[in-house]
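Structure assessment
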Amino acid sequence: MINSALIRTRLGQYGAAWLISFVAALLAIVAGAELAHMRLVEVADLVLPALFAGLTLAVLAVLVLTLTAGRETVATRLVIFVVALLLFLPLLWGPVLGAITAAWIGHVSIEYSGVYAQFRIQVSQALFRLAGTMFANPLIDTVWAVFQAVATVVGFLSSFFQVWPRVLRLLGAREAQA
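Quick look at the overall build of the protein chain now. Per the secondary structure count, the protein chain includes 5 helices and 0 strands. Reading the protein chain from its N end, one meets helices and strands in the order α-α-α-α-α. Overall, the C-alpha framework of the protein chain stretches about 60 × 50 × 25 Å when taken along its three principal axes. Each of the 178 residues in the protein chain was classed as buried or not, and the buried ones make up 33%.

Next up on the list: the confidence of the model for the protein chain. Averaged over all residues, the pLDDT of the protein chain equals 86, while 95% of them reach at least 70. Taking the mean pLDDT of every element in the protein chain, the minimum, 82, falls on helix H5 (residues 140-177) and the maximum, 92, on helix H2 (residues 40-68).

This next bit is on helix H1 (residues 4-36). Along an α-helix, a turn takes 3.6 residues, which lines up residues three or four apart on a common side. Here H1 spans 46 Å end to end across 33 residues, near enough to the 48 Å set by a 1.5 Å rise per residue. All of the buried residues in H1 are Leu 6, Ile 7, Gly 12, Tyr 14, Gly 15, Trp 18, Ser 21, Phe 22, Ala 25, Leu 26, Ile 29 and Ala 33. Where H1 starts, the residue carrying a side-chain oxygen 3.3 Å from the main-chain nitrogen of Ala 5 turns out to be Asn 3. Looking one or two residues beyond H1, the residue adopting positive phi is His 37, at roughly 55°.

To continue, consider unusual backbone geometry. At His 37, a position not held by glycine, the phi torsion is positive, near 55°. Its place among the elements puts His 37 in the loop between H1 and H2. Residue class for His 37 comes out exposed when judged on its relative accessible area of 72%.

This part takes up the packing of aromatic side chains. How two aromatic rings sit relative to each other is set out by the distance from centre to centre and by the angle between their planes. All chains considered together, the criterion is met by 8 aromatic pairs. Between Trp 18 and Phe 22, the aromatic rings sit 5.6 Å apart at their centres with planes inclined by 10°, giving stacked as the arrangement. On the criterion of helical spacing, the pair formed by Trp 18 and Phe 22 is a turn pair, its members being 4 residues apart in helix H1. Using a relative accessible area of 0% as the deciding quantity, one classes Trp 18 as buried. A relative accessible area of 11% means that Phe 22 is categorised as buried. On the numbers, 5.7 Å between centres and 70° between planes, the contact of Phe 22 with Phe 156 is edge-to-face. Of this pair, Phe 22 sits in helix H1 while Phe 156 sits in helix H5, and the two are 134 residues apart along the sequence. When its relative accessible area of 39% is taken as the criterion, Phe 156 is described as partly exposed. Site record: aromatic cluster; members linked through ring pairs are Phe 52, Trp 93, Phe 119 and Phe 147.

What follows deals with the nonpolar core. If you look at the biggest cluster of nonpolar residues, it comprises 39 residues, and the most contacted ones within it are Ile 29, Phe 52, Trp 93, Phe 119, Trp 144 and Phe 147. Elements with a contribution of two residues or more to this core: H1, H2, helix H3 (74-105), helix H4 (114-134) and H5. If you tally residues by element for this core, the top one is H3, at 11 residues. Apart from the residues within four sequence positions on either side, Phe 119 is in contact with Phe 52, Leu 92, Trp 93, Val 96 and Trp 144.

Mapped onto the secondary structure, Met 1 falls in the segment before H1. Along the chain, Met 1 and Val 74 lie 73 residues apart, while their C-alpha atoms are 8.8 Å from each other. Those residues in contact with Met 1 that sit more than four places away from it in its chain are Thr 73 and Thr 76.

Tallied over the full model, the rule gives 2 salt bridges. Two residues, Glu 42 and Arg 39, come together in a salt bridge whose shortest N-O distance is 3.5 Å. Here Arg 39 falls in the partly exposed class, since its relative accessible area comes to 48%.

The rules behind the values
- Residues numbered from 1 in each chain as written.
- Predicted model: local features only at pLDDT ≥ 70, side-chain atom pairs only at ≥ 80, totals over all residues.
- Heavy atoms only, no water.
- Helix = DSSP H or I, 4+ residues; strand = E, 2+ residues; numbered from the N terminus.
- Buried < 20%, exposed > 50% of the residue type's maximum accessible area, 1.4 Å probe, protein only.
- pLDDT = per-residue confidence, 0-100.
- Expected span 1.5 Å × (residues − 1).
- Polar contact = N/O pair within 3.5 Å; in protein donor to acceptor, adjacent residues only side chain to side chain.
- Phe/Tyr/Trp six-rings, centres within 6.5 Å; stacked < 30°, edge-to-face > 60°.
- Core = buried A, V, L, I, M, F, W, Y, C linked by side-chain atoms within 4.5 Å.
- Contact = heavy atoms within 4.5 Å.
- Salt bridge = Lys/Arg side-chain N within 4 Å of Asp/Glu carboxyl O.

Right under this line is the structure:
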C-alpha cells in the first residue's frame, strides 16, 4: 500500500523548498549587491552554490529519513525516491530563476555569472546525454527550453498550491475580525 498522504506531504515540502530557494536567491542577490557594493553577478556566484548545497543536503536528509523510516512500505519509499530524483533538477532551477530575476531587476546579464554558466553547461550536457539516449536526433536547445518551462511551471504551481490555502485562511481570519 502506498502512503499517498506522505507523498503529498513530500510534494508540499518540495513546493515550499522551491519557493524559499527562489525568494532567498532573489533577495540575497539583490540585497547583497546593494549592501556589499558588489556586482550583481559576483553576488550570484556566491549565493547560488550555497543554495545548491543547501537544497542538495535537504533532499538527501528527507530521502534518508523517508527511506530509513520503518513504518513506510517499500512501494512508498520507491515512489518518494523516484519523485525526488525526477524533481531534483527542477528544484535547483528555483534559485537559478531567482538569480535570473535578480539580474533582470538589476538590468544586467546573468550570463556573466560563472556559476550560472556552469549550471547551464552541466545541465545541458546531462540533458544532451539523456536526449541522445532517448532520441535519434538530439535537440538540446529544445530539451533545455522544455526543462526551463517545466521547472518554472512545476515550481510555481507547487508553491502556489502550498501557499494559497494559507492565504485563504489568513483572509478568512481577517474578515472574521472585521
